[in-house]
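# Structural overview
Residues per chain, in single letters:
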Amino acid sequence: MIELINISKSYPTSELYSELNLRLNSGDKVGLVGRNGTGKSTLFKLILGEEHQDLGEIKFPKAYKIGALKQYFDFSEKTLISETALALSEDDKYDIYKAEKILFGLGFAEEDLEKDPKSFSGGFQIRINLAKLLLTEPNMLLLDEPTNYLDILSIRWLKAFLKSFQGEVILITHDRDFMDSVCTHTLGIVRKRAFLIQGGTKKFHDQILANEEHHEKQKIAQEKKIKDLEEFIAKNKARAATSTLAQSKVKILEKMDILEDINYDANLNFDFNYKDTAAKFLIEAKDLSFGYTKDNILFKDITFALSRGETVGIIGKNGKGKSTLLNTIAGELQALSGKVDFHPSCEFGHFGQTNISHLNAKNTIMDEIYSVNHKLSEPVIRKICGLMMFSGDNAKKKISLLSGGEKSRVMLGKIIAQDVNLLFLDEPTNHLDIDSIDALTNAIKAFEGSCMIVTHSEELLRAVCDRLIVFTNNGADYFNGTYDEFLEKIGWEEDDSTEKKKVVKPKRNKKEIKKLRALIVTQKAKATLDIRNEIAQIEELSLTEKNKKVARLNELQKELEKLNKEFAKKLDEV
């Protein structure tokens, strides 16, 4: 359905692609992987026409519609439902049920529909953009990190939606579990070329590894052959009897396509420096409560103790207070009541969005590492920078020039520059690529100290967490068990991804379904024709005349909305 032919793209400082080729077929859902900086987001811009390739061609079918998730917010309407309905087509502009259905799927409640879209948090504003995108009914979705700022329930809903989406998808995400569960294929940008396989990320990386091993073996064999040819030529070119044969070997050598060395990507590979402690419990929290006002209590009377070597995950829907709890325990926010006692030997490192914003934009990466531990020598600081993939002159880059992922790595570098026995990690996987998340997961697992982590990554929760603090609609509770035990024993409230009792529909073939749906659409058109005509007539009136008809217009629109809902339900039941 979409084809990229011999695409080349360069910037003054680097070449991203050289003769990149890619063909996606109908229904393909592709996970796009590659280290940060390999050009994943640029590829989206080329497909959308926001940037242009230096060479090559991009082909689409006629009338093919591509939708991309916006990462910025530009809301003009006063209510959520009005803002979302802007994305409805002219034919569906009164079919508000469609907009409501998608908004509810993304975690909005009925009482949210009349709220100002600008009043929602950043995570929910991302969802508004996603709802508007889905309403345009695109043939292809381009999703760049769609799970950032979404909570677990919204991620599960999006996962289910994308699995059932009939068109094509290209997905960039740091969430390996999300990608593998949604995508039919994995696409990587490897040494400036596109490499596509059917299957998940593990199969992709295994194949890349096998290809590299094969390449290395071929290169060793070629180097031996070159050495043998050069030795033969050196021995025989001066002899009259063998000079002709030597010359033929020269021609073989000249025609040989020399295999290049593989330039391996730098890998994030590190451990947190553990400060020894004899403490049985590093933190003891008792009756901890917090709210920005007395009428807006986010959590109340939380009591728990964090054992040495234990990792506690803090989970729940967005806006419930997960990050606030972590910041309250870390002492960045003042609790309304209760207390937190740290063992005297406790030393903690804190990774969070607030900390990233505290990075000094004027500092270099080396300056930031040095700022947390003045005892470190320059060689040690450079070593830490290297572990965070800032080698050589890159260690002297200004913070102001760094991407979100690079700033996250600087924050991790600042933590490993200290000796700690407790980690506070708030959404540490945001902005990191898949390989960096693997390295972070391994570092947490290897850490001898304790950890409290806020995350929406089910993969990370399963890998590292021993206990949980779970935020629900009724507050927050301590759960003495792993994430899988939580799902088994309690599960998520209002989890749309879990299997619910469904009404058994009569089995029909595709032709019958198509026929029935066409019949319902025809019935809907007939049933709503008079109403739509009357609405159109009122809308053509002058402003003064229209004002006289406001009550009638509202009545008609409500009647139309009611009919649209009835027919939408009929379509769902087919």
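Residues numbered from 1 in each chain as written. Predicted model: local features only at pLDDT ≥ 70, side-chain atom pairs only at ≥ 80, totals over all residues. Heavy atoms only, no water.

## Quick notes on the overall build of the chain
To keep it simple, the criterion reads: Numbering goes from the N terminus for both helices and strands, where a helix is a DSSP run of H or I of at least four residues and a strand is a run of E of at least two. Only protein chains enter the area calculation, which uses a 1.4 Å probe; residues under 20% of their type maximum are buried, those over 50% are exposed, and those in between are partly exposed. Contacts: residue pairs with any heavy atoms within 4.5 Å of one another. Charged-residue counts in this description rest on Lys and Arg as positive and Asp and Glu as negative, His and the chain ends being excluded. Working definition for charges: the position is that of NZ of Lys, CZ of Arg, CG of Asp or CD of Glu.
Across its full length, the chain holds 19 helices and 20 strands. Within the chain, buried positions represent 45% of all 574 residues. Of the contacts made within the chain by residues no fewer than 6 positions apart, 69% connect residues no fewer than 24 positions apart. Taking the average location of the 85 positive side-chain charges in the chain and that of its 88 negative ones, the two points are 4 Å from each other.

## Here we look at the pairing of strand β11 (residues 281–293)
Using the following cut-off: Pairing between two strands is assigned when DSSP locates at least 2 bridges connecting them.
As defined by bridge partners, β11 adjoins strand β12 (residues 296–307) across eight bridges and the pair is classed as antiparallel. Across the sheet, the residue bridging to T293 is N296, located in β12. Hairpin connection from β11 to β12: two residues lie between these consecutive antiparallel strands.

## Some words on the domain arrangement of the chain
The following threshold applies: A domain assignment, automatic or from a database, supplies the domain bounds used here.
By the assigned domains, the chain splits into domain 1 (2–204), domain 2 (209–255), domain 3 (281–490) and domain 4 (510–573). Of note, the centres of domain 1 and domain 2, computed from C-alpha atoms alone, are 50 Å apart.

## Here we look at unusual backbone geometry
If you check the backbone angles, N6 has positive phi at about 50° while not being a glycine. Note on N6: relative accessible area 38%, which makes it partly exposed.

## Re the sheet that holds strand β9 (residues 193–198)
In plain terms, the rule: A fitted line through C-alpha atoms serves as each axis, taken over the contacting stretch for helices, and the angle formed by two N-to-C directions is quoted from 0 to 180°.
The strand order across the open sheet formed by six strands is β5-β6-β7-β3-β8-β9, and the pairing between neighbours is mixed. Of all the strands in the sheet, the pair left with one neighbour each is β5 (66–68) and β9. Neighbour to neighbour, the strand axes of the sheet diverge by 20° on average, direction disregarded. Across six bridges, strand β8 (residues 185–190) lies against β9 in antiparallel orientation. Within β9, the residue paired with L187 across the bridge is L196. Of the strands in this sheet, β3 (29–33), β6 (140–144) and β7 (168–172) are in contact with helix α5 (residues 152–164), which crosses β6 at around 150°.

## Section: the sheet that holds β11
Ordered by their spatial adjacency, three strands build an open sheet running β12-β11-β14, and the pairing between neighbours is antiparallel. Single-partner strands in this sheet number two, and they are β12 and β14 (337–342). Across the sheet, the axes of successive neighbouring strands diverge by a mean angle of 15°, strand direction being ignored.

## Details of the environment of K98
As for its position among the elements, K98 is in helix α3 (residues 96–105). We classify K98 as partly exposed; its relative accessible area is 28%. Sequence-wise, K98 and S307 are 209 residues apart; in three dimensions their C-alpha atoms are separated by 49 Å. Excluding its chain neighbours within four sequence positions, the residues that come into contact with K98 are L88, D92, L135 and E137.

## Here's the deal with the nonpolar core
Keep this limit in mind: By nonpolar core is meant a set of buried Ala, Val, Leu, Ile, Met, Phe, Trp, Tyr and Cys residues that side-chain atoms within 4.5 Å join together.
Of all hydrophobic cores here, the largest spans 50 residues; its most connected members are F270, F272, I315 and L468. Leave out the neighbours within four places in its chain, and F270 touches L387, M388, L412, I416, A439, L440 and A443. In terms of nonpolar packing, the next biggest core, distinct from the first, is built from 41 residues, V33, L106, F124 and C183 among them.

## Here's the deal with the packing of helix α7 (residues 201–236) against helix α8 (residues 243–255)
Counted only if it meets this: Here the word oblique covers every angle except those under 35 degrees (roughly parallel), over 145 (roughly antiparallel) and from 65 to 115 (roughly perpendicular). Note: crossing handedness is left-handed where the near helix turns anticlockwise from the far helix by less than a right angle, and right-handed where it turns clockwise. Each residue receives one of three labels: charged for Asp, Glu, Lys and Arg, nonpolar for Ala, Val, Leu, Ile, Met, Phe, Trp, Tyr, Cys and Pro, and polar for the others, Gly being one of them.
At a closest axis distance of 9 Å, the pairing of α7 and α8 adopts a crossing angle of 150°. On the basis of their axis angle, the class for α7 and α8 is roughly antiparallel. For the pair α7 and α8, the crossing hand works out as left-handed. Within the contact between the two elements, α7 uses I226, L229, E230, F232, I233 and N236 and α8 uses S243, L245, A246, K249, V250, I252 and L253. When the residues that make up the contact of α7 with α8 are grouped by side-chain class, the tally is nine nonpolar, two polar and two charged.

## Thoughts on the pairing of β8
Within β8, five of the six residues are buried, which leaves it mostly tucked inside the rest of the structure. Relative to β8, β3 is paired through four bridges, and the arrangement is parallel. Its bridge partner being in β8, V30 is matched across the sheet by H185. The turn linking β8 back onto β9 is made up of two residues, and R191 within it adopts a positive phi angle of 45°.

## Looking at the pattern of salt bridges
Operational definition: Within this document, salt bridges are pairs made up of a side-chain nitrogen of Lys or Arg and a carboxyl oxygen of Asp or Glu, the two lying within 4 Å of each other.
Under the criterion given, the structure shown has 24 salt bridges. Linking R23 and E3 is a salt bridge whose minimum nitrogen-to-oxygen distance equals 3.5 Å. Of the two residues, R23 sits in strand β2 (residues 14–24) while E3 sits in strand β1 (residues 2–11), which places them 20 residues apart along the sequence. Between K202 and D206 there is a salt bridge, and its shortest N-O distance comes to 3.0 Å. Taken together, the positions of K202 and D206, both in helix α7 and four residues apart, correspond to about one turn of that helix. Its relative accessible area of 60% is what places K202 among the exposed residues. Residue classification places D206 among the partly exposed residues on the basis of a relative accessible area of 41%.

## Comments concerning α7
For an α-helix the count is 3.6 residues per turn, leaving residues at separations of three or four pointing the same way. So the rule is basically this: Any helix carries an expected span of 1.5 Å times its number of residues minus one.
For α7, which comprises 36 residues, the first-to-last C-alpha distance of 52 Å matches the rise-based estimate of 52 Å (1.5 Å per residue) to within 8%. Of the residues making up α7, those classed as buried are T201, F204, I208, E212, H215, K219, Q222, I226, L229, I233 and N236. Turning to α7, the residues buried within the fold contact β3, α6 (176–182), β8, β9, α8 and α14 (434–446).

## Focus: the confidence of the model for the chain
Cut-off, in case you're wondering: Scored from 0 to 100, pLDDT records how confident the predictor is in each individual residue.
Mean pLDDT over the chain: 85, with 94% of residues reaching 70 or higher. Of the regions scoring below 50 in pLDDT, residues 495–506 engages in eight contacts with residues more than four places distant in sequence or in other chains.

## A closer look at the packing of aromatic side chains
Between two aromatic rings, the relevant description is the distance of the centres plus the angle of the planes. This is how it is decided: Only the six-membered ring of Trp is used, alongside the rings of Phe and Tyr, when aromatic pairs are assigned; centres must lie within 6.5 Å, and planes under 30 degrees apart are stacked while those over 60 apart are edge-to-face, with the rest tilted. Whether a charge sits over a ring depends on NZ of Lys or CZ of Arg being within 6 Å of the ring centre and within 35 degrees of the ring normal.
Here the structure, examined in full by the defined rule, presents 19 aromatic pairs. Ring geometry for F195 versus F204: centroids 5.6 Å apart, planes at 50°, classification tilted. On the accessibility criterion, F195 (23% relative accessible area) is partly exposed. Pairwise contacts between aromatic rings join F270, F272, Y274 and F447 into one cluster. A cation over a ring is seen here: R127 above F124, with NZ or CZ 3.9 Å from the ring centre. We note K249 situated over the ring of F232; from NZ or CZ to the ring centre the distance is 5.6 Å.

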